[in-house]
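# Analysis of the macromolecular model
Each chain, letter by letter, is given below.
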Amino acid sequence: MSSPSKRREMDLMKLMMSDYKVEMINDGMQDFYVEFNGPKESLYQGGVWKIRVELPDAYPYKSPSIGFVNKIYHPNVDEMSGSVCLDVINQTWSPMFDLVNVFEVFLPQLLLYPNASDPLNGEAAALMMRDRTAYDQRVKEYCEKYAKPEDIGAKPEEKSSDEELSEDDYNSDDDQLAGKADP
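These figures come from a predicted structure and were not determined experimentally.

### What to know about the UniProt feature "active site" (unreviewed entry) in the protein
- In this numbering, the UniProt entry assigns the feature "active site" (unreviewed entry) to Cys85.
- Summarising the element assignment, Cys85 is placed in the loop between strand E4 (65-68) and helix H2 (86-90).
- With sequence-adjacent residues up to four places away left out, Cys85 is seen in contact with Asn76, Asp118 and Leu120.

### Describing the packing of aromatic side chains
- One pass over the structure, following the stated rule, counts 11 aromatic pairs.
- Measuring from centroid to centroid gives 5.9 Å for Trp93 and Phe97, while their planes differ by 50 degrees, and the two rings are tilted.
- In this structure Trp93 comes out as buried when scored by relative accessible area, which is 12%.
- Residue classification places Phe97 among the partly exposed positions, given a relative accessible area of 24%.
- Among the aromatic residues, those joined into a cluster by ring pairs are Tyr59, Trp93, Phe97 and Phe106.
- The ring of Tyr33 has Lys50 lying over it, and the distance from NZ or CZ to the ring centre is 4.6 Å.

### Quick word on the nonpolar core
- Phe103 and Leu107 are the most contacted members of the largest nonpolar core, which totals 39 residues.
- Elements that contribute at least two residues to this core include exactly helix H1 (4-17), strand E2 (31-37), strand E3 (48-54), E4, helix H3 (99-112), helix H4 (122-130) and helix H5 (132-146).
- Considering every element that reaches this core, the biggest residue donor is H3, with 8 residues.
- Apart from the residues lying within four places of it in its own chain, the contact partners of Phe103 are Leu15, Tyr20, Val34, Phe36, Ile51, Val53 and Pro108.

### Section: the sheet that holds E3
- With antiparallel pairing, the 4 strands of this open sheet are ordered in space as E1-E2-E3-E4. Of all strands in the sheet, those bounded by a partner on one side alone are strand E1 (22-24) and E4. The average angle at which neighbouring strand axes cross in this sheet is 25 degrees, direction not considered.
- Pairing analysis gives 7 bridges linking E2 to E3, with the strands arranged antiparallel.

### Some words on unusual backbone geometry
- Between Tyr59 and the following residue, Pro60, the backbone shows a cis peptide bond with an omega angle of 15 degrees.
- In this structure, Pro60 sits in the loop between E3 and E4.
- We note that Asp19 has phi near 70 degrees; this positive angle belongs to a residue other than glycine.
- On the secondary structure map, Asp19 appears in the loop between H1 and E1.
- Owing to a relative accessible area of 73%, Asp19 belongs among the exposed residues under this scheme.
- We note that Glu41 has phi near 55 degrees; this positive angle belongs to a residue other than glycine.
- Mapped onto the elements of the fold, Glu41 is located in the loop between E2 and E3.

What counts, and at which threshold
Residues numbered from 1 in each chain as written. Predicted model: local features only at pLDDT ≥ 70, side-chain atom pairs only at ≥ 80, totals over all residues. Heavy atoms only, no water. UniProt positions renumbered as here; feature names shortened; annotations may be inferred. Helix = DSSP H or I, 4+ residues; strand = E, 2+ residues; numbered from the N terminus. Contact = heavy atoms within 4.5 Å. Phe/Tyr/Trp six-rings, centres within 6.5 Å; stacked < 30°, edge-to-face > 60°. Buried < 20%, exposed > 50% of the residue type's maximum accessible area, 1.4 Å probe, protein only. Lys NZ or Arg CZ within 6 Å of the ring centre and 35° of its normal. Core = buried A, V, L, I, M, F, W, Y, C linked by side-chain atoms within 4.5 Å. Pairing = 2+ DSSP bridges. Axes fitted to C-alpha atoms, helices over the stretch in contact; angles between N-to-C directions.

Below, the structure written as structure tokens:
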């Protein structure tokens with residue numbers, strides 16, 4: 001069997017090859033950010049989150065630590081720290097799983113099927129159980145307010161130096177700049 005460090009390396013490469021944007025936090029392969037999009041046909045659709053992943057020394061025998069960097073309204077995610085309820089991943093974690101499973105199965109399932117009976121965000125859990133319509137609205141408000149590409153530090157596509165000025169930008173009204181010509 002391969003060593004945990006080889007497995008960590010392999011899983012990280014597999015995640016990167018699966019078209020997830022991964023940003024390393026330091027030189028090691030244990031701490032990094034992953035760009036995560038809300039699942040389709042969910043309240044979180046259209047939202048984009050930066051997820052911090054910390055791999056323990058015992059990975060893959062011990063589950064990764066997962067946290068949302070930008071805010072999300074969810075009963076099983078701590079609103080202040082972004083921590084995901086560890087039970088969600090720990091209860092089902094097995095060395096058979098890898099990082100791709102976290103982003104393609106665990107996190108989408110967490111967002112699609114919140115568990116209000118084991119909350120990290122008591123307010124979200126209470127609202128979800130008391131008034132589902134108001135809860136759904138709050139989730140959507142948080143997505144609008146905190147889960148846009150610019151909220152995770154994604155920059156809009158920058159123009160290359162060749163494209164910096166469009167023809168409209170380049171053409172100026174010379175009469176306005178120089179004033180009127182003498183008659």
